[in-house]
Amino acid sequence: MDYEHIQNQDKEVFDAIEGEELREMEGLELIPSENYVSRAVREANGSVFTNKYSEGYPGKRYYGGQTYTDIVETIAIERAKKLFDAKFANVQTLGGANANIAMYFALLEPGDTVLGMDLSHGGHLTHGHPVTYLTKIFRFVRYKMKDPNTGEIDYDEMREVARREKPKIVLAGFSAYPRELEYAKFADIAHEVGAYAIMDIAHIAGLIAGKAVKSPFEFGFDVMTSTTHKTLRGPRGGLILTRENEEIAKKIDKTVFPGLQGGPHMNNIAAKAVAFGEALSPSFKTYAAQILKNAKAMEKVFLDNNIRLLTGGTSNHLLLADVFGSLGISGQEAETLLDRVGITLNKNSIADDTRKPMDPSGIRFGTPAITTRNFTEKESARVAELMVEAMKSKADETKLDAIREEIRELCKRFPVPESFV
Ligand code: DSN
């Protein structure tokens, strides 16, 4: 992208942008919640819509001059509805956490109960971790995996807990769980106890949109919350989808604005509209399917090297490896070491981790960004081999230099595509 004006006006910021651009081009991005967005998405994000205040919704705003904001927000809403087979969409939330917060405030009264996945078993902070302010307002009870080696969830226990605790929301969704959930069971448990069945699809939104995995809406879920910047490959932001109940959708809109947020970031909504348009294209289906194939290729290498993968492997875009248990290297050590050879991923706690969150036993990695670079199973497997080699040779500087060089070469052979730079 052209940064001519920043370059001339503000050298300090320009240098930081240029540095980040180089980092993203010359290294491999394996953080499973990150991606490269298209130039078209970034152009929309940097457009004149950033100048505009538009409190309200299309056709019902509190400021004048809304001809084009109404057009662009309506496009975003209609495309989101089509992508996810939803009757209603709110595209104004600023991120995934905000989407979850709005969803809770729309559907719960203070003191109401939510049944959500434990963070240590793959859930998210906003699913009820005690460090969040949400837990001062709502009551969270948690479910876990029955067996971290298979990823199986104990649905019988979940049903018992739901009958006992009477949640108003049964929440599916995760930020570090590599398997598909049994949505029919979730929906059945939720509806049996009179709760809403809700899924936070942030991680797999692009996989659902690209029909690479099933949608919870096929199984009667009521609402889905999401981010737009992970597998969905849009700008940073949030999204709330309601399958069919207008009353729920109205509550959500009212909670997002005026309940929680002020003026929507219309530049960001324009970028969401562009990203949703891209996700509706046939090539996005190919992209989503390849993400899964690439993750499977990485899975094989790790398992062949006897490295323990939580849940035994992956059925989506991400993998969680117990590198401390398998190789004696901590998550933090692995993250730093792999960064040194040009691979970015994140340390991650594993289920029932005995180590601390800032230096846990695991690493989490995934394939959305390398798939945007057109990696196939072959290159993905090679990256996994290099990761294993690096972790096994952590003190061998010559070997690590050679791995860095090979990653650099790989990045040159598979540059970020022109339309994404
Ligand atoms: N921070 C996101 C992730 O990396 O999964 C979740 O919100």
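The shown structure was predicted, so the numbers you read here are calculated from the model rather than taken from an experiment.

Brief notes about the packing of aromatic side chains
Two aromatic rings, taken as a pair, are described by how far apart their centres are and by the angle between their planes.
Logical step 1: Tallied over the full model, the rule gives 14 aromatic pairs.
Logical step 2: Seen from their ring centres, Y155 and F186 are 5.6 Å apart, and the 85 degrees between their planes marks the pair as edge-to-face. Of this pair, Y155 sits in helix α7 (residues 155-165) while F186 is found in helix α8 (residues 183-192), placing the two residues 31 residues apart along the sequence. Each member of the pair, Y155 as well as F186, carries the same accessibility label: buried.
Logical step 3: Aromatic ring contacts, followed pair by pair, group Y143, Y155, Y183, F186, F219 and F221 into a single cluster.
Logical step 4: The positively charged end of R233 is found above the aromatic ring belonging to Y287, 3.9 Å away from the centroid.
Logical step 5: Here the basic side chain of R355 rests over the ring of F324, its NZ or CZ set 4.2 Å away from the ring centre.

Structural notes on the sheet that holds strand β16 (residues 362-366)
Logical step 1: Here we have three strands laid out as an open sheet, ordered β13-β16-β15, and antiparallel in their pairing. Two strands bound the open sheet, and with one partner strand each, they are β13 (318-322) and β15 (346-348). Looking at each pair of strands side by side, their axes are set apart by 35 degrees on average, direction ignored.
Logical step 2: Inspection of the sheet shows β15 paired to β16 by three bridges, in the antiparallel sense. Across the sheet, residue N348 finds its bridge partner in β16, namely G362.
Logical step 3: In this fold helix α12 (residues 282-304) packs onto β13 and β16, with an angle of close to 15 degrees to the strand it touches most, β13.

Observations regarding the site of the ligand
Logical step 1: Near the ligand, the surroundings consist of S33, H124, S175, H203, K230 and R364.
Logical step 2: Contact between the ligand and S33: an oxygen atom at 2.6 Å from a side-chain N or O atom of the residue.
Logical step 3: H203 has a polar side-chain atom sitting 2.6 Å from an oxygen atom of the ligand.
Logical step 4: Contact with the protein chains covers 63% of the free accessible surface of the ligand, which is 230 Å².
Logical step 5: The class makeup of the residues in the shell around the ligand is no nonpolar, four polar and two charged.

What about the pattern of salt bridges?
Logical step 1: According to the stated counting rule, one finds 30 salt bridges in the structure shown.
Logical step 2: Between R61 and E73 there is a salt bridge, and its shortest N-O distance comes to 2.8 Å. Of this pair, R61 sits in strand β3 (residues 60-61) while E73 sits in helix α4 (residues 67-84), and the two are twelve residues apart along the sequence. With respect to class, R61 is no different from E73; both count as buried.
Logical step 3: In the salt-bridge network here, residues are joined through shared partners; they are R159, R163, D188 and E192.

Description of the environment of A273
Logical step 1: Tracing the backbone through its elements, the reader meets A273 in helix α11 (residues 266-279).
Logical step 2: Residue classification places A273 among the buried positions, given a relative accessible area of 3%.
Logical step 3: When the C-alpha atoms of A273 and A80 are compared, they prove to be 8.0 Å apart, with 193 residues separating the residues in sequence.

Looking at the side chain of E55
Logical step 1: Among the structural elements, E55 can be located in the loop between α3 (39-45) and β2 (56-57).
Logical step 2: Buried and without a salt bridge, E55 has K52 as its closest oppositely charged side chain, separated by 8.1 Å.
Logical step 3: Excluding its chain neighbours within four sequence positions, the residues that come into contact with E55 are K60, R61, Y62, Y63, F257, G262, G263 and P264.

Remarks on the packing of helix α14 (residues 331-340) against helix α16 (residues 377-392)
Logical step 1: Taken N-terminus to C-terminus, the directions of α14 and α16 make an angle of 115 degrees; their axes are 10 Å apart at the nearest point. With respect to α16, the element α14 is oriented roughly perpendicular. Between α14 and α16 the crossing geometry is right-handed. Contacts from A334, L337 and L338 of α14 reach α16 at M387, A390 and M391.
Logical step 2: Split by residue class, the contact of α14 with α16 holds six nonpolar, no polar and no charged.

A closer look at the environment of I403
Logical step 1: Checked against the element boundaries, I403 lands in helix α17 (residues 397-413).
Logical step 2: Given the relative accessible area of 2%, I403 is considered buried.
Logical step 3: Between the C-alpha atoms of I403 and G342, which are 61 residues apart in sequence, the distance is 8.6 Å.
Logical step 4: Residue contacts for I403: discarding those within four places in its chain leaves V341, L386, E389 and A390.

Examining the pairing of β13
Logical step 1: Within β13, five of the five residues are buried, which leaves it mostly tucked inside the rest of the structure.
Logical step 2: Going residue by residue along β13, you find L318, L320 and D322 tucked away on one face and L319 and A321 tucked away on the opposite face as well.
Logical step 3: The pairing of β13 with β16 spans five bridges and is classified as antiparallel. Looking at β16, one finds that A321 is bridged to I363.

As for the sheet that holds strand β9 (residues 169-173)
In any sheet, the strands associate via hydrogen bonds between backbone groups, in a parallel or an antiparallel arrangement.
Logical step 1: Strand order in the open sheet formed by seven strands is β4-β12-β11-β10-β9-β5-β6, and the pairing between neighbours is mixed. Every interior strand has two partners, whereas the edge strands, β4 (88-90) and β6 (139-143), have only one. When strand polarity is set aside, the average angle formed by the axes of neighbouring strands in this sheet is 20 degrees.
Logical step 2: Bridging between strand β10 (residues 196-200) and strand β11 (residues 223-227) involves three bridges; their strand directions are parallel.

Cut-offs and rules
Counting starts from 1 at the beginning of each chain's written sequence and moves along it residue by residue. Restriction of local features to residues with pLDDT of at least 70 applies here, the model being predicted, together with a cutoff of 80 or more for giving and counting side-chain atom pairs; totals for whole chains, interfaces and linings are based on all residues. The basis for the side-chain values is all heavy atoms of the structure; hydrogens and waters are excluded. Aromatic rings from Phe, Tyr and Trp, with only the six-membered ring used for Trp, were paired whenever their centres fell within 6.5 Å, and each pair was classed as stacked if the ring planes differed by under 30 degrees, edge-to-face if by over 60, and tilted otherwise. Going along the chain from the N terminus, every DSSP run of H or I of four or more residues is numbered as a helix, and every run of E of two or more is numbered as a strand. Partly exposed describes any residue whose relative accessible area lies between the buried limit of under 20% and the exposed limit of over 50%, with all areas from a 1.4 Å probe on protein chains only and scaled to the type maximum. Put simply, a charge is over a ring when the Lys NZ or the Arg CZ is close to the ring centre, within 6 Å, and near the line of the ring normal, within 35 degrees. Here a strand pair is declared whenever DSSP counts at least two bridges between the two strands. Working convention: axes come from line fits to C-alpha atoms, limited for helices to the stretch in contact. Angles between N-to-C directions cover 0 to 180 degrees. Throughout, a residue-residue contact means that at least one pair of heavy atoms, one from each residue, lies within 4.5 Å. Whether a residue is near a molecule or strand depends on its heavy atoms: if one lies within 4 Å, it is near. Polar contacts here mean pairs of N or O atoms no more than 3.5 Å apart (in protein, one a potential hydrogen donor and the other a potential acceptor; neighbouring residues in sequence count only if both atoms are side-chain atoms). Computed by Shrake-Rupley with a 1.4 Å probe, the accessible areas treat only the displayed protein chains as cover when residues are assessed. Basically, the charged four are Asp, Glu, Lys and Arg, the nonpolar ten are Ala, Val, Leu, Ile, Met, Phe, Trp, Tyr, Cys and Pro, and anything else, Gly included, counts as polar. The salt bridge criterion pairs a side-chain nitrogen of Lys or Arg with a carboxyl oxygen of Asp or Glu, the two atoms within 4 Å. Under the counting rule used here, the positive set is Lys and Arg, the negative set is Asp and Glu, and His together with the chain ends is not counted. Angle categories: roughly parallel below 35 degrees, roughly antiparallel above 145, roughly perpendicular from 65 to 115, and oblique for all the rest. Crossings are assigned a handedness: left-handed for a near helix turned anticlockwise from the far helix by less than a right angle, right-handed for a clockwise turn.

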